[in-house]
Amino acid sequence: MTTIPFSLTSFSPPPPLFSSVFLTSSPPNPIPEVLTLPSPQSPTKLQRNSMANGVTLESLRLSLIRQEDTIIFSLIERARFPTNSPTYNESYVPTPTFSCSLVHSVVKETEALQAKAGRYANPEEHPFFPDNLPPSVVPPYNFTEVLHPPAASININKDIWDMYFKKLLQLFAAPGDDGNYASTAASDLVCLQALSRRIHYGKLVAEVKFRESSEEYEPAIRAKDRDALMKLLTFESVEEAVKKRVAKKAMVFGQEVTLNNDDKKEKYKVDPSVVSRLYGDWIMPLTKLVQVEYLLRRLD
Ligand SMILES: C=C(O[C@@H]1C=C(C(=O)O)C=C[C@H]1O)C(=O)O
């Protein structure tokens, strides 16, 4: 995995355009039929809008707010364990069973199982190891078609992986080793999947923003003007509210609850300021990166 081009305190918008974005020339998985537009008669704008099926910016923002709970609880669960560095050490498993770290194997093999169970047939889910995933064996579900088909080629999980392991983990896992490596890897997987789902939600957010103001977005898309797109899709007041709310949630969810009135509110299971920084420095910038990548393909 390469070093993520984001710093702890600042996010410089997408460095060399696609270098940090894992793009596949063909989608990592076969595009589920429900996501492809019938060809040659593509739907009209009106038909497309009606296909949004009640998906609005408001409903997406509510979903992002709900996903905050999932992310914060997943961090709290991971923080139960110390760093447990052997989990990430490629030479820890001394047999040919794994040719990579324990966490790498746990994520990859769990994804293979979940792919068979249909996880990646849902356009909201993105694998960390998309190569050679087995096909789903479950009957297809008719997911509502909302996204423009090229969306399937956008997967920035490599950046999310690097951000999580190289920057984030050390901020909320205490140094140490308690031997619970398998549980640690399983907790990492839950965190990674929650972060990935949230960040790739940017595709849906971008689609709805585009539908609501296509006349504003189209010139910037045609000009491939990333800065203009970033400006159009950014709502600073929403971002400020997100940072404050997640810090507050981290305080509420992460406090020690007792039956006496001596709740120790000053000690939290994950540091609220770390959660706020996680959102401000990584989650929201990466969500916006996904939005820009999506919009750039929106007229393809
Ligand atoms: C997701 C949105 O787009 C941008 C990204 C945000 C985020 O990741 O939470 C918040 C506000 C916007 O700047 C949105 O407008 O809700």
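Residues numbered from 1 in each chain as written. Predicted model: local features only at pLDDT ≥ 70, side-chain atom pairs only at ≥ 80, totals over all residues. Heavy atoms only, no water.

How would you summarise the state of the cysteines if you had to cite specific residues and measurements?
As enumerated under the stated definition, the model contains zero disulfides in all. Unpaired in terms of disulfides, Cys-100 finds its nearest cysteine sulfur in Cys-191, a separation of 19 Å. Here Cys-100 falls in the buried class, since its relative accessible area comes to 15%. (Disulfide = S-S within 2.5 Å. Buried < 20%, exposed > 50% of the residue type's maximum accessible area, 1.4 Å probe, protein only.)

Go over unusual backbone geometry, please, and point to the residues and values.
Residues other than glycine predominantly adopt negative phi, and peptide bonds predominantly adopt the trans conformation. One non-glycine residue, Asn-132, lies in positive phi territory at about 60°. Structurally, Asn-132 can be placed in the loop between helix 3 (102-116) and strand 2 (154-155). The backbone of Lys-224 shows a phi angle near 50°, a positive value even though the residue is not glycine. Locating Lys-224 in the fold gives a position in the loop between helix 7 (214-222) and helix 8 (226-233). (Helix = DSSP H or I, 4+ residues; strand = E, 2+ residues; numbered from the N terminus.)

Can you break down the nonpolar core residue by residue, with the values?
Core analysis: the biggest nonpolar cluster contains 39 residues, and Leu-75, Ile-160, Met-163, Tyr-164, Leu-168, Leu-195 and Leu-278 have the highest contact counts within it. Broken down by element, this core gets its largest block of residues, ten residues, from helix 10 (residues 272-296). Ala-151, Tyr-201, Ala-206 and Ala-220 belong to the second largest nonpolar core, which has 23 residues in total. (Core = buried A, V, L, I, M, F, W, Y, C linked by side-chain atoms within 4.5 Å.)

Summarise the confidence of the model for the protein chain; cite the residues concerned and give the values.
Of the residues in the protein chain, 80% reach a pLDDT of 70 or more, and the chain-wide mean stands at 84. In the predicted assembly, ipTM is 0.97 and pTM is 0.83. (pLDDT = per-residue confidence, 0-100.)

With reference to specific residues and values, describe the site of the ligand.
Among the 14 residues in the neighbourhood of the ligand, the closest are listed as Arg-61, Arg-198, Lys-209, Phe-235 and Glu-239. Arg-61 has a polar side-chain atom sitting 2.7 Å from an oxygen atom of the ligand. Side-chain polar atom of Arg-198 to an oxygen atom of the ligand: 2.8 Å apart, as the coordinates give it. Protein coverage of the free-state accessible area of the ligand, which is 360 Å², stands at 99%. Listing elements by their share of the shell around the ligand, those giving two or more residues are helix 2 (57-78), helix 6 (202-212), helix 9 (236-253) and helix 10. At four residues, helix 10 tops the list of elements feeding residues into the shell around the ligand. Its residues assigned to classes, the shell around the ligand comprises six nonpolar, three polar and five charged. (Near = heavy atom within 4 Å. Polar contact = N/O pair within 3.5 Å; in protein donor to acceptor, adjacent residues only side chain to side chain. Areas by Shrake-Rupley, 256 points an atom, 1.4 Å probe, with all protein chains shown as cover. Nonpolar A, V, L, I, M, F, W, Y, C, P; charged D, E, K, R; others polar.)

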